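What follows is the residue order along each chain.
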Amino acid sequence: LLRIHLRCLSDPPHHALMRDAVVANPAGEHNDGIKPFLLGSSGGGFASLCLAWLIGEDATALAMNPQTDFFRYFPSPVARYLQVCYGLPRTPEAQQDLEERGVITNVQGLDFSKPRVLVLQNMFDAHHLAHHFRFLSASGDLQHGTTGHDHGIDWMVAPWGFGHQR
């Protein structure tokens, strides 16, 4: 019988929930010494990266085609999220407002040297390559099987279908 403790987060409606999940079960207080493995794609990949950073050395994250900067996602869903969850318009001030509330909107500047993180990026997902992945690899030519390690993150780019396959 497998003894697995499972929590699922995917495109959460309120990123403060991620912070609350960590506070409810802080690093080092996992049942039977279990260390969390966080898995997600797209917005769920963003959540897994945020949680890995918040938890620290006990965390392992696998993020596929993750969003890494909330405000670089498509304008319409960002505007809808800001309005529904926070009552904010999509303006430059909205990002500052969220950051003052402790909401992580961008993982690109975070130090991932403590958690173990692997990012798998589809080389045919043009939007995510241009807006969410380039902080890891500034090289212009990402070929099949390109790998690297930047910002404490191991990464690999390969062809996993066309577009934003999740």
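Residues numbered from 1 in each chain as written. Predicted model: local features only at pLDDT ≥ 70, side-chain atom pairs only at ≥ 80, totals over all residues. Heavy atoms only, no water.

(A) Here's a closer look at the confidence of the model for the protein. With 75% of its residues at a pLDDT of 70 or more, the protein has an overall mean of 79. The lowest-confidence element of the protein is helix α1 (residues 16-24), averaging 48 in pLDDT; the highest-confidence one is strand β2 (residues 60-64), averaging 94. Counting interchain partners and residues more than four positions distant, the pLDDT-below-50 stretch residues 12-19 has 25 contacts. (pLDDT = per-residue confidence, 0-100. Helix = DSSP H or I, 4+ residues; strand = E, 2+ residues; numbered from the N terminus. Contact = heavy atoms within 4.5 Å.)

(B) The nonpolar core, seen in detail. Counting 23 residues, the largest nonpolar core has V107, V117 and V119 as its most contacted members. Elements with a minimum of two residues in this core: α2 (43-55), β2, β3 (116-122), α5 (126-133) and β5 (153-158). With six residues, α2 is the largest single contributor of residues to this core. If near-sequence neighbours (up to four positions away) are discounted, V119 is found in contact with L49, A63, P66, F133, L136, I153, D154, W155 and M156. Within the second largest apolar cluster, ten residues are counted, among which are F70, F71, Y86 and V103. (Core = buried A, V, L, I, M, F, W, Y, C linked by side-chain atoms within 4.5 Å. Buried < 20%, exposed > 50% of the residue type's maximum accessible area, 1.4 Å probe, protein only.)

(C) Fine view of the pairing of strand β1 (residues 37-41). Alignment of β1 against β2, held across five bridges, turns out to be parallel. Its bridge partner lying in β2, L39 is registered against L62. You can see the chain leave β1, run along α2 and come back into β2, and the turn it takes is right-handed. (Pairing = 2+ DSSP bridges. Right-handed = clockwise from strand over helix to strand, strands pointing away.)

(D) Summary view of the sheet that holds β5. Overall, mixed pairing links the five strands, which are arranged β1-β2-β3-β5-β4 in an open sheet. Two strands lie at the open edges of the sheet, namely β1 and β4 (146-150), each paired on one side alone. Each neighbouring strand pair of the sheet contributes to a mean axis angle of 15 degrees, computed without reference to strand direction. This element, α2, spans β1, β2 and β3 of the sheet and lies at about 155 degrees to β1. (Axes fitted to C-alpha atoms, helices over the stretch in contact; angles between N-to-C directions.)

(E) Just unusual backbone geometry, in detail. In this model, S42 sits at a positive phi of 60 degrees, which is unusual for a non-glycine residue. Positive phi is not limited to glycine here, since H151 has a value of about 55 degrees. Mapping H151 onto the fold places it in the loop between β4 and β5.

(F) A look at α2. A rise of 1.5 Å per residue sets the reference length of α2, with its 13 residues, at 18 Å; its end C-alpha atoms lie 18 Å apart and thus fit the reference within 8%. A large share of α2 lies buried, amounting to eleven of its 13 residues. Looking one or two residues beyond α2, the residue adopting positive phi is G56, at roughly 90 degrees. (Expected span 1.5 Å × (residues − 1).)

(G) Structural detail: the pairing of β3. Across the seven residues of β3, five count as buried, placing the element largely inside the fold. Here β2 pairs with β3 via five bridges, running parallel. Within the sheet, the bridge partner assigned to L62 lies in β3 and is L118. Where β3 lies against β5, five bridges are found, and the strand directions are parallel.

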